[in-house]
Amino acid sequence: MKKVATFPSHNKPKSMENESHGIMWVFAGLNLIFLCCAGGLFLFLIFESYPIFKLHGFDFWLGQDWWVGEAYGALPMLYGSTLVTALACLLVLPLALAVAIFISEFLTPTSRRCVKAILELLAGVPGIVYGLLGVSFLSLWIKDVFGLLDGNTLATASCLLAIMILPTVLTLSEDAMRSVPAEYRDNALGLGLSKWQTATAVVLPQALPGIMGAVLLGIGRAMGETIAVMLVVGSLDRIPDPWFNIFSSAQTIPSKLGREAAEAIGEGTHWSALMALGLTLFIMVLLINFIGNRFLKRRSIS
Amino acid sequence: MNPATFEKGMVFFLTILTLLVSSLLLIILATVFAKGLPALHSGFLIEASENFGREGGIIYQLMGTLILMTGAVLISLPVALGSVIYQTQYLKSETGKEICRQFAQMLNATPTILFGLVGYLFFGVYLETGVSWVTGSLILAVMILPTLQVSIREAIEALPDQYKDAGMALGLSPWSQIKTIIIPQCYYGIITGVFLGLARAAGETAAIMFAATTFSGIHLPESFSDPVPTLQTHMLVLTQEAANPEALAQAWSAGLVLLSLVFFLTVMAWILRSRLKMEAEL
């Protein structure tokens, strides 16, 4: 009888083992490229924005004036980004909550799939198309309705952003509500609660962290949106007067980057200042996203 | 108020809200169609643009968009596939996997304009590819990396354990397992990822607007260092001329073409994903 081949690795033909190891290093190398892309981005931003922090220190974030070549102050952009995102969030939150409850608790499976498909398509509409819609309709409406001289305001940008992130927030919130175990619903219904009571008193509190996470991920997306905001926010580098006047033009970080990067590209203090803005945006978005993912994960474990 | 009436009222209210939100897509679609169709004459897709985009067609812009997104997927696919295979098949340490996950999430969350800035500096200036379609493809490739990874990872993780066990019992080396089991079985997942990545790349403006594109002056790139005109930049420039009705009409038509392209790619991805689900259930 012939000797049966044995498996322990020291008995394998040498060539096979070498081939196997070589291939592994190829995959490891590809993985390294991916890690470098993500990590390199962060390091690059820090590295490139170092000169401006050396020059201005933390005053960079507190300065109110941005005159190319003289002063670089990021406060108006920071304020604009925060305000636009917060307003968009305020607009989206109640709507997302209400619609997510309805989709997840009151719709039949078929129509739920249908609505979710629509939402997924909506989430893929390019930013530039929203920008075009904003320029041609939203900013004109806001101008007419509120009797303004210029329709390109913080409020316009927030409305547009709210429409843009609504599908993402809705889909994720609905997922969070669906992930509440079916026994909870059955128990509640068995105790004689109505469908409405089950949805609001049992499912909703359970799904709340997931919904929070969904909203935070939406905010993260809204904060980084460039094109649509750039076209309708008015691009005026100052804090509105008074500060809560949402019907005045302002500036957000991505829109500032989009407007000025082409002239400053590559070198100089101006570029460094823009990269520092980018770094600020990156850190803000990452933090929001990190917290959002935490919320989503907690839901899926428990 | 009677609680039952109250509940009925609330449910009715929610129905209306949901209908409103769902009709949002229809409104957006209808608007783009209503605005885009009038300027869409028979030669729109096969003529060059004239008079700074105010007349003529969009053939070169469309070609530019297609070149950029195809290039991006061609660059991104091997990296995405390789890194996911490494993470799922070779990487044993949980910490390592967690780090990879965090990095993927980070890449996914990054505002796209930052890809444009950093990508231009890294590829365009340091690697000297300049303002060109190569730079644009590289930037978009990094941007769609997480999209591809998610699809491929889902497909690999959905593979039944028996397949891998059978492969191991046959004494296949890890590489033979990847070659004969994982890649053929995850084929649909990979293609789904490719389509989603193409759709994401097609809809992106901010990342490429100053690194890879030009508005006029160039038709098709003749070398690796030429920029291309794209639908997105075309729309952006025309939109900023909002006072000029001709320009705006052209922007709407270009928008209609772009939106159709993105929707087509997304729907293709869905069809393939449902194939994937069906295979997994067999």
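Residues numbered from 1 in each chain as written. Chains lettered and ligands numbered in written order. Predicted model: local features only at pLDDT ≥ 70, side-chain atom pairs only at ≥ 80, totals over all residues.

Quick question: what am I supposed to make of the overall build of chain B here?
Secondary structure assignment for chain B yields ten helices and two strands. Along the chain direction, N to C, the helices and strands of chain B fall in the order α-β-β-α-α-α-α-α-α-α-α-α. C-alpha atoms of chain B, sized along the principal axes, occupy 75 × 70 × 35 Å. Counting every position in chain B, which comprises 282 residues, the buried fraction comes to 48%. The contacts in chain B between residues at least 6 apart in sequence include a share of 74% that link residues at least 24 apart. (Helix = DSSP H or I, 4+ residues; strand = E, 2+ residues; numbered from the N terminus. Buried ≥ 20, exposed ≤ 12 C-beta atoms within 10 Å, placed from the backbone. Contact = placed C-beta atoms within 7 Å.)

Just to check I follow, could you spell out the interface of chain A and chain B for this structure?
How big an interface is tends to be stated in terms of the accessible area lost upon association of its parts. The partner chain B presents 63 residues to the 67 residues of chain A that form the contact. Split by residue class, the side of chain A that touches chain B holds 49 nonpolar, 16 polar and two charged. (Nonpolar A, V, L, I, M, F, W, Y, C, P; charged D, E, K, R; others polar.)

I would appreciate a short explanation of the environment of Val-118 of chain B in the present structure.
Along the chain, Val-118 of chain B turns up in helix α4 (residues 112-126). Sequence spacing of Val-118 of chain B and Ala-207 of chain B is 89 residues, and the spatial spacing of their C-alpha atoms is 9.5 Å.

For this particular structure, what's the right way to read the nonpolar core?
If you look at the biggest cluster of nonpolar residues, it comprises 170 residues, and the most contacted ones within it are Leu-160 and Leu-161 of chain A together with Ile-139, Leu-140 and Leu-145 of chain B. With 16 residues, the single largest contributor to this core is helix α6 (residues 154-178) of chain A. Those residues within four positions of Leu-160 of chain A in sequence are excluded, and the remaining contacts are Tyr-130, Gly-134, Leu-138, Ala-228 and Val-232 of chain A. (Core = buried A, V, L, I, M, F, W, Y, C linked by C-beta atoms within 7 Å.)

What is the right way to look at helix α3 (residues 94-109) of chain B in this model?
In an α-helix, one turn spans 3.6 residues, which is why side chains three or four residues apart end up on the same side. Here α3 of chain B is 16 residues long and its end C-alpha atoms lie 23 Å apart, about the 22 Å a rise of 1.5 Å per residue gives. For α3 of chain B, the full list of buried residues reads Cys-100, Phe-103, Ala-104, Leu-107 and Ala-109 of chain B. (Expected span 1.5 Å × (residues − 1).)

Help me understand the confidence of the model for chain B, please; the structure alone is not making it clear to me.
Here chain B shows a mean pLDDT of 85. Residues at 70 or above account for 95%. Reported confidences for the modelled complex are a pTM of 0.88 and an ipTM of 0.87. (pLDDT = per-residue confidence, 0-100.)

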